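A closer look at the structure
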Amino acid sequence: MAENISLAVIGGGPAGMAAAISAYDSGIKDVTIFERDTELGGILNQCIHNGFGLHTFKEELTGPEYAGRFIAQVKERGIRYETGSMVLSISPDKEITVVSKAKGLRTVKAEAVILAMGCRERPRGALNIPGMRPQGIYTAGTAQKLVNCEGFLPGKEVVILGSGDIGLIMARRMTLEGAHVKAVAELMPYSGGLKRNIVQCLDDFGIPLLLSHTVTDIKGKRKLEGVTISEVDSTSTPIPGTEQYYECDTLLLSCGLIPENELSLTAGIKINGMTNGPEADDRLQTSTEGIFACGNVLHVHDLVDFVSEEAARAGRNAARYITEKGRKNNAPEIIRIIPGNGVRYTVPCTVDTANADEDIHIRFRVRNVYKGCAIKVGNESTELISKKKRITVPSEMEDIVIKPELLRSAGGDITVSIEEGQV
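Below or above, wherever it landed, is the structure these notes cover. None of the values given here were measured: they were computed from a predicted structure. (Residues numbered from 1 in each chain as written. Predicted model: local features only at pLDDT ≥ 70, side-chain atom pairs only at ≥ 80, totals over all residues. Heavy atoms only, no water.)

**Considering the overall build of the protein**
Note the cut-off: Helix and strand definitions follow DSSP, with helices as H or I runs of at least four residues and strands as E runs of at least two, each counted in order from the N terminus. When we talk radius of gyration, it's over C-alpha atoms, and the globule rule is simply 2.2 Å times the number of residues to the 0.38. Each residue gets one of three labels from its accessible area relative to the maximum for its type: buried under 20%, exposed over 50%, partly exposed in between, using a 1.4 Å probe on protein chains only. Two residues qualify as a contact provided that any one of their heavy atoms is within 4.5 Å of a heavy atom in the partner residue.
From N to C terminus, the protein includes eight helices and 25 strands. For the protein, the C-alpha radius of gyration of 22 Å lies close to 22 Å, the compact-globule estimate for 423 residues. Overall size of the protein, expressed as C-alpha extent along the three principal axes, is 65 × 60 × 40 Å. Here the protein holds 423 residues, and 54% of them are scored as buried. Within the protein, counting contacts between residues at least 6 apart in sequence, those at least 24 apart form 62% of the total.

Written out as structure tokens, the structure reads:
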């Protein structure tokens, strides 16, 4: 016999907790958070640096402090949470198979589900780096956990491949722990991390950032001895004669994050090829009715404050779905939000303009660095928004807020695009 609950939240990180709290405050008291780790908080538990919470709490917090604020709110409300509980599958009719040491294998039937599983790092196997597989190669997040949670320094002579935010932060962290970070190599001609992290984590410590460079060889059979870094051309092909050899005992990989959507696939959810997350509408509902998604499982965010804000909307909308039994006030009028020139993707992908009753956040990332540009939202007949920007970069997520009545006035699908030469 399946156990019946109103709302299941998969994941107890910042997204899952914010969604559960929001749903509870919206009237759905029968909420359960399923978290596979031994405690709530997710990746924030190992992010001991500051910079969190400026938008949400108007003060600067460390990752554990930020998580602690939400854990306290979960406990104050008496929201159920099950740690050490691994969700194995979710069916399209919202039956969840979950296993835990405490309760064994069981099935839980929910009226609605919120996906908040977060993301994972891109491993070496996905990067096609030549060479052996010696000891000393870690993803940046693994190294972060070893240093911050286990008190173990992986190595003393370090090279970092990829300039994602975790890699930049670990360049500083390893330096502060006594390691020598020789270089950060980035395949693209621009950094994958926030500007503030480049300044605070590399520039302040004199660590060189090699743009348009990548690791082309790894030396060492049992233990890492060194890596060869080469410059690449516009097609990311290594340029002969540009090789530089760096002796090192540690290589950290910070080459992108991938939303954790294996469970989404079992639920029959349509996945966006650009984000690797579910396609979602303006209520953050996926293509499977009654299943919502938020945070890094939907698309990779740059700030956890934006994760919490998005998750709160998912929680409100899931509560509304349960309360209204999936009914809508008006016949749906669906318009598509189309990524145009210079835009990689948009979240949401569609908006039901007939039933939208709160401001719509259109979040997206650009394809390249654009200076003196404008963000244009509209279609051939109507320009809804034109917002000038001094610079847009792929590492920073853009957020356009638009009122439902303005979308209704467009009379059809709209495109979000970048136009250069506007400033």
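**Here we look at the pattern of salt bridges**
Where charged atoms of side chains with opposite charge meet at close range, the side chains can pair. Note the cut-off: Note on definitions: salt bridges are taken to be side-chain nitrogens of Lys or Arg within 4 Å of carboxyl oxygens of Asp or Glu.
Considering all chains together, one arrives at 25 salt bridges under this definition. The residue Glu260 makes a salt bridge to Arg120 at a minimum N-O spacing of 3.3 Å. Highlighted residues: Glu260 in the loop between β16 (257-259) and α6 (262-266) and Arg120 in strand β7 (residues 119-121), separated in sequence by 140 residues. You can call Glu260 buried: its relative accessible area is 15%.

**Thoughts on the sheet that holds strand β8 (residues 137-139)**
Here is the rule we go by: Whether two strands pair comes down to DSSP finding at least two bridges between them. Working convention: axes come from line fits to C-alpha atoms, limited for helices to the stretch in contact. Angles between N-to-C directions cover 0 to 180 degrees.
With respect to topology, five strands assemble into an open sheet ordered β8-β15-β9-β10-β11, the strand pairing being parallel. Two strands lie at the open edges of the sheet, namely β8 and β11 (209-211), each paired on one side alone. Averaged over neighbouring strand pairs, the angle between their axes works out to 20 degrees when direction is ignored. Taken strand by strand, helix α3 (residues 140-148) contacts β8 and β15 (250-253), and its axis lies near 90 degrees from that of β8.

**Here's the deal with the nonpolar core**
To be explicit about the condition: We define a nonpolar core as any set of buried Ala, Val, Leu, Ile, Met, Phe, Trp, Tyr and Cys residues linked to one another through side-chain atoms lying within 4.5 Å.
Within the largest apolar cluster, 65 residues are counted, with the highest numbers of intra-cluster contacts made by Leu7, Ile10, Ile90, Ile96, Val113 and Leu115. Element by element, the count of residues in this core is highest for helix α7 (residues 304-323), at nine residues. Leaving out residues up to four positions away in the same chain, Ile10 has contacts with Phe34, Val87, Ile90, Ile96, Val113, Ile114, Leu115, Ala116, Met117 and Leu263. Formed by 22 residues, the second largest nonpolar core is a distinct cluster that contains Ala356, Leu384, Ile400 and Ile414.

**Notes on the packing of aromatic side chains**
Stated formally: Aromatic contacts are taken between Phe, Tyr and Trp rings whose centres are within 6.5 Å, Trp giving its six-membered ring; a plane angle under 30 degrees counts as stacked, one over 60 as edge-to-face, and the others as tilted. Only when the NZ atom of a Lys or the CZ atom of an Arg is both within 6 Å of the ring centre and within 35 degrees of the ring normal do we say a charge sits over the ring.
All told, the structure shown has four aromatic pairs when counted by the stated rule. Ring geometry for Phe57 and Tyr66: centres 5.5 Å apart, planes at 75 degrees, overall edge-to-face. On the basis of relative accessible area, Tyr66 is assigned to the buried category, the value being 0%. On the basis of an interplanar angle of 70 degrees and a centroid distance of 6.0 Å, the ring pair of Phe292 and Tyr321 is categorised as edge-to-face. With Phe292 in strand β17 (residues 291-293) and Tyr321 in helix α7, the pair connects residues that are 29 residues apart, well separated along the chain. In this pair, the class of Phe292 matches that of Tyr321, namely buried. Among the aromatic residues, ring-to-ring pairing joins Phe57, Tyr66 and Phe70 into one connected group. In this structure, Lys29 packs its charged tip against the face of Tyr24, placed 4.0 Å from the ring centre. Taking the ring centre of Phe57 as reference, the NZ or CZ of Arg69 above it sits at 5.0 Å.

**Re the environment of Glu243**
Threshold: We define a polar contact as two N or O atoms separated by no more than 3.5 Å, with the added condition that, inside protein, one atom must be a possible hydrogen donor and the other a possible acceptor, whereas residues neighbouring each other in sequence contribute only through side-chain atom pairs.
Here Glu243 lies in the loop between β13 (226-231) and β14 (244-247). As for Glu243 and His213, which are separated by 30 residues in sequence, their C-alpha atoms are 9.6 Å apart. Dropping the residues within four chain positions of it, Glu243 is found in contact with Thr228, Ile229 and Ser230. Within the structure, Glu243 has its side chain in polar contact with the backbone nitrogen of Gly241 (distance 3.1 Å).

**Describing helix α1 (residues 14-25)**
Spelled out, the test is: Each helix should span, by expectation, one fewer than its residue count multiplied by 1.5 Å.
Helix length check: α1, at twelve residues, gives a terminal C-alpha distance of 16 Å against a target of 16 Å (1.5 Å per residue), a fit within 8%. Of all twelve residues that make up α1, eleven are buried, and the element is covered over most of its length. The complete set of buried residues in α1 reads Pro14, Ala15, Gly16, Met17, Ala18, Ala19, Ala20, Ile21, Ser22, Ala23 and Tyr24. Check the buried side of α1 and you find it contacts β1 (3-10), β2 (31-34), α2 (63-77), β6 (104-115) and α7. Once α1 finishes, Gly27 follows within two positions and takes phi at roughly 110 degrees, a positive value.

**A word on a nonpolar patch on the surface**
This is how the line gets drawn: Patches draw on residues past 30% relative accessible area with no salt bridge. Two like charges within 9 Å are joined, as are two nonpolar side chains (Val, Leu, Ile, Met, Phe, Trp, Tyr) within 5 Å. Where accessible areas are quoted, they stem from the Shrake-Rupley method and a 1.4 Å probe; at the residue level, only the protein chains shown are allowed to cover.
Together, Met86, Leu88, Val99 and Leu105 give the surface a local cluster of nonpolar side chains, amounting to about 350 Å² of exposed area. Relative to the helices and strands, Met86 resides in strand β4 (residues 85-90).

**Some remarks on the environment of Ile291**
Tracing the backbone shows Ile291 in strand β17. Here Ile291 falls in the buried class, since its relative accessible area comes to 0%. In the structure, Ile291 is positioned 198 residues away from Asp93 in sequence and 9.2 Å away in space, judged by C-alpha atoms. Apart from the residues lying within four places of it in its own chain, the contact partners of Ile291 are Ile90, Ser91, Lys94, Val113, Leu115, Ala267, Ile269, Leu284, Gln285 and Thr286.

Without other data, these values stay purely geometric and don't point to any function.
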